[in-house]
Amino acid sequence: MSIVAVQLGQCGNQIGQEVFNTICGDVRGTHGLCSKKENEAYHDACTERFFSEAESGVPVARAVLVDMEPKVISQTLSIAARSGHWKYNDQSHFCQKQGSGNNWANGYSVHGPRNKEVIMNLVRKEVEKCDRLSGFFTIMSMAGGTGSGLGAFVTQCLRDAFPTSFILNHVIWPYGTGEVIVQNYNSVLTLSHLYQSSDALLVHENDVIHKICAQLMHIKQISFRDVNQVIAHQLGSVFQPAHTAEASLHYSRNPLGDLMETLVPHPEFKMLGLRNIPQMPENSLAYSTFSWHGLLKHLRQMLIANAKMEEGSFRDPSLYTSWLNPQDAFNEWKTPRAFNKYEKSASLVSNSQFLLKPLDNVVGKAWNMFASKAYVHQYTKFGIEEEDFLDSFTALEQVISSYTNL
C-alpha cells in the first residue's frame with residue numbers, strides 16, 4: 001500500500017528530500033547475506049510504498065511539495081533530479097512569491113484558505129496514482145509560519161477529504177534557545193490543531209539531533225543538512241519494509257498504519273518518539289561490530305533514560321501503563337536485510353512521557369508571552385483571536401495532564 005508525503009515549508013521540503021534520498025539509496029544497495037528473492041521483495045515493497053514508476057525508468061517520489069517561497073522547492077527538485085536515481089514529479093509542487101513571515105496565523109488563515117483548492121488538487125492527483133492508498137506522511141516545522149500554520153490547515157483538509165486514510169504528522173521541535181521570537185506561540189497553535197486532525201505526531205527535537213551530530217557523528221561544524229540527514233536516517237529505519245509478527249513470511253503491506261494502530265490506543269496520546277542505534281560516522285562502520293543483545297539492551301536503557309542500567313525485556317509490564325497489556329503494547333518487526341550500510345541496527349518508536357517536559361516548557365513560555373499580550377496583535381490581524389489562543393492552551397494542558405497521569 002502506498003504513502004503520499006506532503007512536504008510543507010522550508011524545513012519540510014529539505015527533510016523530505018533527504019528522506020526519499022535515504023530510502024532510495026538503501027533500496028538500490030544489496031545485502032550479501034540476503035537471497036536475490038529477498039532483495040527483490042524488499043525493493044518491490046519499498047518502491048510501491050514511496051515511489052511510482054516513470055516512463056524513463058527513474059522512480060518518482062509520491063510527494064507533494066508546498067512552500068510560499070519558490071527558492072527551497074526549486075533547490076529540492078534540482079537536488080533530487082541530479083541524483084539520477086529518483087526524482088519528484090515536476091507538476092506536484094506549489095509555491096508563491098511571498099512567505100508567511102514566521103506568522104502561524106498568516107499560514108493558517110490566509111495562505112491556507114487562499115490556496116486550498118490548488119494544493120488539494122495536487123494531492124488528489126498524487127493519490128490517483130496509487131493502486132491502494134495507505135495514508136499520508138506530512139513533514140513540517142513547528143517554529144515558522146508556512147510549515148506550521150499552513151501545515152496545520154492542510155492536515156485538516158486531508159482529514160476532511162480522506163477520512164479513512166491515516167495521517168502521520170512528522171514535526172520538528174524547535175531549538176530551546178530559540179529560532180524565532182514567536183516560536184512558542186506557533187508551536188502551541190500547531191500542536192493543538194494537529195491533535196484534532198492527525199492520527200499521530202512523530203516528533204524530532206532539534207536539540208537532541210544536534211547532540212547526535214556532535215557527540216555520535218563527530219561533526220565539527222554542524223549544518224542543517226547534517227541534522228536533516230540524521231533525521232532522515234532515523235525515519236528511513238522505520239519506514240523500510242519489515243516482517244511483523246502477523247506477517248513473518250512476507251513484508252507488511254501497511255506498516256505505518258499498523259504502527260499507529262498499536263502505538264495510539266487512545267486519542268489523548270498521540271506523541272511518538274523515535275530512537276535509532278547505532279549512529280556513527282560512515283568511516284567508522286568498517287571497524288565496529290554490534291550484537292543484537294547489546295543493541296536492544298541499549299535501546300531499553302534509552303526508553304527508561306533516567307533509570308539505572310538494568311537487564312530486562314520490552315515486555316516488562318513496568319514499562320507500560322496499567323490499562324495496556326504488555327503483549328498488546330509491544331510489537332517487534334524484523335528484516336534480514338541491512339539498513340543504510342549498517343550491518344545491524346535497531347529502532348524504537350514509543351508513545352511515552354519523553355516530550356512532557358519540553359511541551360510543558362513551550363506552553364509555559366507561550367502563556368507568559370500571552371499574559372503580557374506580547375505579539376498577539378500580529379496574530380489577531382490575520383483572524384486568530386485571543387479565544388483561539390485560550391482554546392489551544394486548554395487543549396495542550398489536557399494533553400500534559402493525560403501524559404503526567406500515565
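This structure is a prediction, so every number in the text was calculated from the model and none was measured.

A. Region of the structure containing the pattern of salt bridges. Under the definition given, this model contains seven salt bridges. D26 is the salt-bridge partner of R337, the closest N and O atoms lying 3.7 Å from each other. One end of the pair, R337, is in the loop between α11 (326-329) and β10 (346-350); the other, D26, is in helix α1 (residues 9-28), and 311 residues separate them in sequence. Like R337, the residue D26 is buried in the burial classification. A salt bridge links E48 to R132, with the shortest nitrogen-to-oxygen separation between them at 3.0 Å.

B. Structural view of the packing of aromatic side chains. Overall, the coordinates contain 19 aromatic pairs when judged by the stated rule. Ring centres of F50 and F239 lie 5.9 Å apart, and the angle between their planes is 25°; on these two criteria the pair is classed as stacked. Of the two residues, F50 sits in helix α2 (residues 36-50) while F239 sits in helix α8 (residues 224-239), which places them 189 residues apart along the sequence. For F50, a relative accessible area of 4% puts it in the buried group.

C. A look at the nonpolar core. The biggest cluster of nonpolar side chains holds 57 residues, and the ones touching the most others in it are F136, L158, Y185, M271, L359, Y379 and F389. Top contributing element to this core by residue count: helix α4 (residues 104-128), with eight residues. Composition of this core by domain shows at least three residues from each of domain 1 (2-273) and domain 2 (356-405). Excluding residues that lie within four positions of it along the chain, Y185 makes contacts with A366, M369, F370, A374, Y375, V376, Y379 and F389. Residues I139, L202, L235 and L263 belong to the second largest nonpolar core, which totals 47 residues.

D. Region of interest: α4. Under the 1.5 Å per step criterion, the end-to-end length of α4 is only 31 Å for 25 residues, more than 12% shorter than the ideal 36 Å. Remark: the principal bend of α4, roughly 65°, maps to K116. Its side-chain oxygen placed 2.9 Å from the backbone nitrogen of A105, N103 serves as the N-cap of α4.

E. Geometry of α8. Spanning 16 residues, α8 covers 22 Å between terminal C-alpha atoms, matching the ideal 22 Å at 1.5 Å per step. Burial of α8 is extensive: 13 of the 16 residues sit out of reach of the surface.

F. Representation of the side chain of S197 in the model. Summarising the element assignment, S197 is placed in helix α6 (residues 183-197). For S197, a relative accessible area of 5% puts it in the buried group. Polar contacts involving the side chain of S197 include one to the main-chain carbonyl oxygen of H193, which spans 3.4 Å. Filtering out sequence-adjacent residues up to four positions away, S197 remains in contact with T155, Q156, R159 and I167.

G. Region of interest: the pairing of strand β6 (residues 133-141). Across the nine residues that make up β6, a large majority, nine, are buried. Here strand β1 (residues 2-8) pairs with β6 via six bridges, running parallel. The residue bridging V6 from the neighbouring strand is T138, located in β6.

H. View of the domain arrangement of the protein. Under the domain assignment used here, the protein contains domain 1 (2-273) and domain 2 (356-405). Measuring from the centre of the C-alpha atoms in domain 1 to the corresponding centre in domain 2 gives 26 Å. The partner domain 2 presents 25 residues to the 27 residues of domain 1 that form the contact. Our count for the contact surface shared by domain 1 and domain 2 stands at zero salt bridges.

I. Expanded view of a negative patch on the surface. A cluster of like negative charges, contributed by E385, E386, E387 and D391, occupies part of the molecular surface. By the secondary structure assignment, E385 is in the loop between α13 (376-380) and α14 (386-404).

J. Representation of the pairing of β10 in the model. Within β10, four of the five residues are buried, which leaves the element mostly enclosed by the surrounding structure. As paired elements, strand β9 (residues 271-277) and β10 share five bridges and run antiparallel to each other. Bridged to G273 within β10 is S350.

K. The arrangement of the packing of α6 against helix α12 (residues 356-371) in detail. With their axes 8 Å apart at the nearest point, α6 and α12 run at an angle of 115° to one another. The two elements α6 and α12 cross, and the hand of that crossing is left-handed. Where α6 approaches α12, its residues N184, Y185, S187, V188 and L191 are matched on the opposing element by L359, V362, V363, K365, A366, M369 and F370. Among the residues forming the contact of α6 with α12, the class breakdown is nine nonpolar, two polar and one charged.

L. Summary view of the sheet that holds strand β8 (residues 200-205). The eight strands lie next to each other as β5-β4-β1-β6-β7-β8-β9-β10, forming an open sheet whose pairing is mixed. The open sheet has two edge strands, β5 (93-95) and β10, and neither has a second partner. On average, adjacent strands in this sheet sit at an angle of 20° to one another, irrespective of strand direction.

The rules we used
Residues numbered from 1 in each chain as written. Predicted model: local features only at pLDDT ≥ 70, side-chain atom pairs only at ≥ 80, totals over all residues. Heavy atoms only, no water. Salt bridge = Lys/Arg side-chain N within 4 Å of Asp/Glu carboxyl O. Helix = DSSP H or I, 4+ residues; strand = E, 2+ residues; numbered from the N terminus. Buried < 20%, exposed > 50% of the residue type's maximum accessible area, 1.4 Å probe, protein only. Phe/Tyr/Trp six-rings, centres within 6.5 Å; stacked < 30°, edge-to-face > 60°. Core = buried A, V, L, I, M, F, W, Y, C linked by side-chain atoms within 4.5 Å. Domains from an automatic or database assignment. Contact = heavy atoms within 4.5 Å. Expected span 1.5 Å × (residues − 1). Bend = angle between axes of the 7 residues up to and from the residue. Polar contact = N/O pair within 3.5 Å; in protein donor to acceptor, adjacent residues only side chain to side chain. Pairing = 2+ DSSP bridges. Patch = residues over 30% accessible without salt bridge, like charges linked within 9 Å, V, L, I, M, F, W, Y side chains within 5 Å. Areas by Shrake-Rupley, 256 points an atom, 1.4 Å probe, with all protein chains shown as cover. Lys, Arg positive; Asp, Glu negative; His and termini not counted. Charge placed at Lys NZ, Arg CZ, Asp CG, Glu CD. Axes fitted to C-alpha atoms, helices over the stretch in contact; angles between N-to-C directions. Left-handed = near helix turned anticlockwise from the far one by under 90°. Nonpolar A, V, L, I, M, F, W, Y, C, P; charged D, E, K, R; others polar.

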